[in-house]
Amino acid sequence: MKTRPADEFLNATLPALDLVYNLARRLARNQQDVEDLVQETYLKAFQAWTTNRRPRRVEPWIATICLNAGRSLLRRAAYRYETPVQEVRWPHEDVDAADEAIAALRRTVVHEALWQLPEEQRVAITLMDLAGLTALEVAKLTGSPRGTVLSRVHRGRKRLAALLASEVNEYGT
């Protein structure tokens, strides 16, 4: 029995959904734009898939699509002047509210620290550390030499550590 192209696409790309989502979170600031970017990435990937442009490795291929779509989003956002309102989420009954608040605060601190890095460093760290791609794969995705990618990751990690250390010193632990 022959499988449909949509089923083949989903089987091949759904394992990369976390990668796309994490990359989108580093390219877009608010949750709605992140979700739009993930959706746009999968739409463009599916369009390419149905025209028989199928990759050997899905993760770098779909990360490239997300990265390009994210750059387009950033260009469009430069002309937008509205500020979205953050959605309020209530903790579930079975979750300790204090633990949930502390975890959310930590995520927010790290997320904001990542946004203080230059885009090249933020993207390189996201692709290597969060997505698990190699420096060579990141170099191909970004169109940069491998050494440049390694330098961006190294400098970005150092800067991120310094930002987080100053944040911890500011609030005390």
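Computed from a predicted structure; not experimentally measured.

Caption draft 1: Region of the structure containing a nonpolar patch on the surface. On the surface, a cluster of nonpolar side chains totalling about 240 Å² of accessible area is made up of Leu10, Leu14 and Leu17. Tracing the chain through its elements places Leu14 in the loop between α1 (5–13) and α2 (17–27).

Caption draft 2: Representation of the pattern of salt bridges in the model. Within the structure shown, the criterion is met by seven salt bridges. Put simply, Lys44 and Glu40 hold a salt bridge, and the shortest N to O gap is 3.1 Å. Taken together, the positions of Lys44 and Glu40, both in helix α3 (residues 31–50) and four residues apart, correspond to about one turn of that helix. Judged by its relative accessible area of 36%, Lys44 falls in the partly exposed class. Since its relative accessible area comes to 21%, Glu40 is described here as partly exposed. Between Arg57 and Glu59 there is a salt bridge, with its nearest N and O atoms 3.9 Å apart. The partly exposed category is assigned to Arg57, whose relative accessible area is 42%. Several salt bridges converge on common partners, so that one network encompasses Arg57, Glu59 and Glu137.

Caption draft 3: Representation of the packing of aromatic side chains in the model. Here the structure, examined in full by the defined rule, presents four aromatic pairs. Ring centres of Phe9 and Phe46 lie 5.1 Å apart, and the angle between their planes is 70°; this geometry places the pair in the edge-to-face category. Of this pair, Phe9 sits in helix α1 while Phe46 is found in helix α3, placing the two residues 37 residues apart along the sequence. What makes Phe9 buried here is its relative accessible area of 4%. Taking the centre distance of 5.8 Å and the plane angle of 70° together, the rings of Phe9 and Trp49 count as edge-to-face. A residue pair is termed long-range when its members are at least 10 positions apart, and Phe9 in helix α1 and Trp49 in helix α3 qualify at 40 residues. Note on accessibility: Phe9 and Trp49 belong to one class, buried.

Caption draft 4: The arrangement of α2 in detail. Residues Leu19, Val20, Leu23, Ala24, Arg26 and Leu27 constitute the buried set of α2. The arc that holds every buried residue of α2, seen down its axis, measures 160°, which confines them to one face.

Caption draft 5: Looking closely at the side chain of Arg122. Looking at where Arg122 falls in the secondary structure, it is placed in helix α6 (residues 119–130). Comment: no salt bridge for buried Arg122; closest opposite-charge side chain is Glu119, at 5.1 Å. In this structure, Arg122 is in contact with Arg26, Leu114, Trp115 and Leu117, ignoring residues within four places of it in sequence.

Caption draft 6: Examining unusual backbone geometry more closely. Look at Asn52: it is not a glycine, yet its phi comes out positive at around 60°. Its place among the elements puts Asn52 in the loop between α3 and α4 (58–77).

Caption draft 7: Highlighting the environment of Asp18. Tracing the backbone through its elements, the reader meets Asp18 in helix α2. Residue classification places Asp18 among the exposed residues on the basis of a relative accessible area of 56%. As a C-alpha pair, Asp18 and Val38 span 20 residues in sequence and 9.8 Å in three-dimensional space.

Caption draft 8: Looking closely at the nonpolar core. Core analysis: the largest hydrophobic core is formed by 35 residues, its most contacted members being Trp61, Ile62 and Leu127. Here this core gets nine residues from one element, more than from any other, and that element is α4. Not counting residues up to four positions away in its chain, the partners in contact with Trp61 are Thr13, Ala45, Ala48, Trp49, Arg53 and Pro55. Among the nonpolar cores identified, the runner-up in size contains six residues, and Ala113, Leu114, Leu117 and Ile125 belong to it.

Rules used throughout
Residues numbered from 1 in each chain as written. Predicted model: local features only at pLDDT ≥ 70, side-chain atom pairs only at ≥ 80, totals over all residues. Heavy atoms only, no water. Patch = residues over 30% accessible without salt bridge, like charges linked within 9 Å, V, L, I, M, F, W, Y side chains within 5 Å. Areas by Shrake-Rupley, 256 points an atom, 1.4 Å probe, with all protein chains shown as cover. Salt bridge = Lys/Arg side-chain N within 4 Å of Asp/Glu carboxyl O. Helix = DSSP H or I, 4+ residues; strand = E, 2+ residues; numbered from the N terminus. Buried < 20%, exposed > 50% of the residue type's maximum accessible area, 1.4 Å probe, protein only. Phe/Tyr/Trp six-rings, centres within 6.5 Å; stacked < 30°, edge-to-face > 60°. Arc of directions from axis to C-beta. Lys, Arg positive; Asp, Glu negative; His and termini not counted. Contact = heavy atoms within 4.5 Å. Core = buried A, V, L, I, M, F, W, Y, C linked by side-chain atoms within 4.5 Å.

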